[in-house]
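As a plain string of letters, each chain reads:
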Amino acid sequence: MSLLNTTYDVIVVGGGHAGSEAAAASANMGARTLLITMNLQNIAQMSCNPAMGGIAKGQIVREIDALGGYSGIVTDKTAIQFKMLNKSKGPAMWSPRAQSDRMQFAECWRNLLEQTDNLDFYQDSVNGLLFEGEKITGVKTMLGLNIKAKTVILTAGTFLNGLIHIGEKTFGGGRAGEGASTGITEDLVAKGFEAGRMKTGTPPRVDGRSLDYSLMTEQPGDASPEKFSYLSTTKPLEQQRSCYLTYTNPEVHELLKEGFDRSPMFNGRIKSTGPRYCPSVEDKINRFAEKERHQIFVEPEGWNTVEIYVNGFSTSLPEDVQDKAIRAIPGFKNVKFFRYGYAIEYDYFPPTQLKHNLETKRIENLFFAGQINGTTGYEEAAAQGLMAGINAALKTQNKEPFLLKRNEAYIGVLIDDLITKGTEEPYRMFTSRAEYRTLLRQDNADIRLTEKSYNLGLAKEERMQRVTEKKTKTNDLINFLKDLSVSQEEINPILSAKNLAAVNQSMKLYKIAARPQLAFIDLMELKKVAGFIKDQEIDNEIIEQVEIHLKYSGYIEKEKNNADKLNRLENVPIPSNFDYSKVKSLSFEAKEKLTKIQPTSISQASRISGVSPSDISVLLVYMGR
């Protein structure tokens, strides 16, 4: 059928990380989906760092995988290094991160999408939106096509009126070598949307053959690497490529400062806000003038390329300044550039204009996902794309939205933060943003989310079976430890080897195993434990679950109780378009913020900046609670 006489269930605009997950999710849920992107060769392009995961971001990738998304699978298939970060801290902080092969990553994503039923592709630029009243009905393209749809998901990334800056040079573009997208912002503003500008940047790419690695510190991957996807179809890495660590120094800083008068960041040409937690190198030496050095991570772009990503040297300074300053970094004396770093400004739409399902409040059937909502990072974008794809498909099927609470997923924290608090700078997820991070660990994302996705029809039978088996074997091992008594003669040699206090009578192993200094591997010296592990075919994943339960069950239970208390407020709904002006005892600021955001529950209202506990008490009384 022709594009011109087809009405799609879902049109996804943009083929980045948000768009790819959105298209996959909606198509896999049975919605007839069209993915429109400016260049089909650049689907799921890693525009910046060739890596997935990291602090809190790794948890998000695990959640995407548990929900039936593709990011974890693609990362496993194309990784060149894997690390579990923060292993010296508690399990709530453990965060998986993988270095990826940039070209393989995009190729793998495209192959997976092309194998997805119900998904069509079209290469063109969308430069307008079609409306009927307050509903969206399709999109207009640069080639003049009007393509109809029941729902539209905008995932435009950095392309909306994108402007690239290198020193005193400025030109339109969505990323290096690609044009900007125009027309969409103007159509939305005409419909009453509020728009803003944000900035991000990227470092130079250089020739690895021109670097001296002997002056750097090698950063290998984990000795026993794990992986992201819970599926058995992906395997941990058997070989890995190392990254390297070096540092800037006072000479580098002085050379960079020479270009500050020509820096778009400091001469006023860039007026938008950049990412606080991923600043440019010029911003770092300006804001942290007392620091004599900053880390530079030298990261390979893939298995078979010499191209290197200079992580930590993001900049928009003139080319001659970049060239001179980087050569003063140890190992970079003879560096050859593949391309210079640059900054990019782009349009975004403050996300308080969205509902929890990522549908816009102003226009029905229109969804936003990714950097258009003011976020930064592949993982945050992919998570939003997945949720927008699910909810757009559900909308076409006349089903209730799929929402995640703050105690259910980092994805729930991400979306709630965006739509409730908004953001005036590129939003990045951290473990500190989640008040229930002991519940939201990377190891249990499948237990938390797979059943929800399975009930949607997104997660397949294999995922559900694996989760059921994981739960069963975890409970079996816990019960075994609760039932097994060990004598002094059996356990004391193990305790003595760890310099732990001996026991003076037989005890249940469950109680002894809760000691913080005692690892589960120590208990494997007991024949009964080793025999049970072997007979029941219990793997390391189950052992990790049990060990976390043994050591942290008290904390986990306390956090669950706190979440339950807050969830009671989620069950106190606020009617849509509620008139806060008639509640006399509310503060002026509360009335203003509540009227703008229109929270759907007392719980959401309590998280809005400027709404005090006394305002919430007034609302509870008014709602009859």
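Residues numbered from 1 in each chain as written. Predicted model: local features only at pLDDT ≥ 70, side-chain atom pairs only at ≥ 80, totals over all residues. Heavy atoms only, no water.

1. Some remarks on the state of the cysteines
Part 1: For the structure shown, the criterion picks out zero disulfides.
Part 2: The thiol of Cys 108 is not disulfide-bonded; the next cysteine sulfur, from Cys 243, is found 20 Å away.
Part 3: Take Cys 108: its relative accessible area is 13%, and that puts it in the buried class.
Part 4: With no disulfide partner, Cys 243 has as its closest neighbouring cysteine sulfur the one in Cys 48, 14 Å distant.
Part 5: Take Cys 243: its relative accessible area is 4%, and that puts it in the buried class. (Disulfide = S-S within 2.5 Å. Buried < 20%, exposed > 50% of the residue type's maximum accessible area, 1.4 Å probe, protein only.)

2. Regarding the pattern of salt bridges
Part 1: In the structure shown here, the tally under the stated rule is 35 salt bridges.
Part 2: For Asp 320, the salt bridge is made with Arg 262, and the minimal N-O distance between the two is 2.9 Å. Of the two residues, Asp 320 is situated in helix H8 (residues 319-326) and Arg 262 in the loop between helix H6 (250-257) and helix H7 (281-287); the sequence distance between them amounts to 58 residues.
Part 3: Linked through salt bridges whose partners overlap, the residues forming this network are Arg 406, Asp 416, Asp 417, Lys 421, Glu 435 and Arg 607. (Salt bridge = Lys/Arg side-chain N within 4 Å of Asp/Glu carboxyl O. Helix = DSSP H or I, 4+ residues; strand = E, 2+ residues; numbered from the N terminus.)

3. Some thoughts on the environment of Phe 159
Part 1: Tracing the sequence through the fold places Phe 159 in the loop between strand E9 (146-154) and strand E10 (163-166).
Part 2: A residue is classified by how much of its surface remains accessible, and Phe 159, at 12% relative accessible area, is buried.
Part 3: Separated by 186 residues in sequence, Phe 159 and Glu 345 have C-alpha atoms that sit 8.9 Å apart.
Part 4: Every residue in contact with Phe 159, bar those within four places of it in the chain, is listed here: Met 38, Gly 174, Arg 175, Glu 178, Gly 179, Ala 180 and Ser 181. (Contact = heavy atoms within 4.5 Å.)

4. Some thoughts on the pairing of strand E15 (residues 243-247)
Part 1: Burial of E15 is extensive: four of the five residues sit out of reach of the surface.
Part 2: Bridge count for strand E14 (residues 217-219) against E15 is three bridges, and the pairing is antiparallel. Paired with Glu 218 across the bridge in E15 is Tyr 244.
Part 3: Here E15 runs beside strand E16 (residues 295-300); their pairing, made up of four bridges, is antiparallel. Pairing of Leu 245 across the sheet is with Phe 297, part of E16. (Pairing = 2+ DSSP bridges.)

5. Here we look at the packing of aromatic side chains
Part 1: Under the definition given, this model contains 11 aromatic pairs.
Part 2: Here the aromatic rings of Phe 193 and Phe 349 are separated by 6.2 Å at their centres, their planes lie at 85°, and the arrangement is edge-to-face. Placement of Phe 193 in the loop between helix H5 (184-190) and strand E12 (196-202) and of Phe 349 in the loop between strand E19 (342-348) and strand E20 (366-368) is noted, with a sequence separation of 156 residues between them. We note that Phe 193, like Phe 349, is buried. (Phe/Tyr/Trp six-rings, centres within 6.5 Å; stacked < 30°, edge-to-face > 60°.)

6. A few points about the side chain of Lys 284
Part 1: Within the secondary structure, Lys 284 is located in helix H7.
Part 2: Nearest to the buried, unbridged Lys 284 among oppositely charged side chains is Glu 282, at 9.0 Å.
Part 3: Within polar-contact distance, the side chain of Lys 284 engages the backbone oxygen of Gly 312 at 2.9 Å.
Part 4: Setting aside chain neighbours within four positions, we find Lys 284 in contact with Pro 279, His 294 and Gly 312. (Lys, Arg positive; Asp, Glu negative; His and termini not counted. Polar contact = N/O pair within 3.5 Å; in protein donor to acceptor, adjacent residues only side chain to side chain.)

That is the geometry; function is a separate question.
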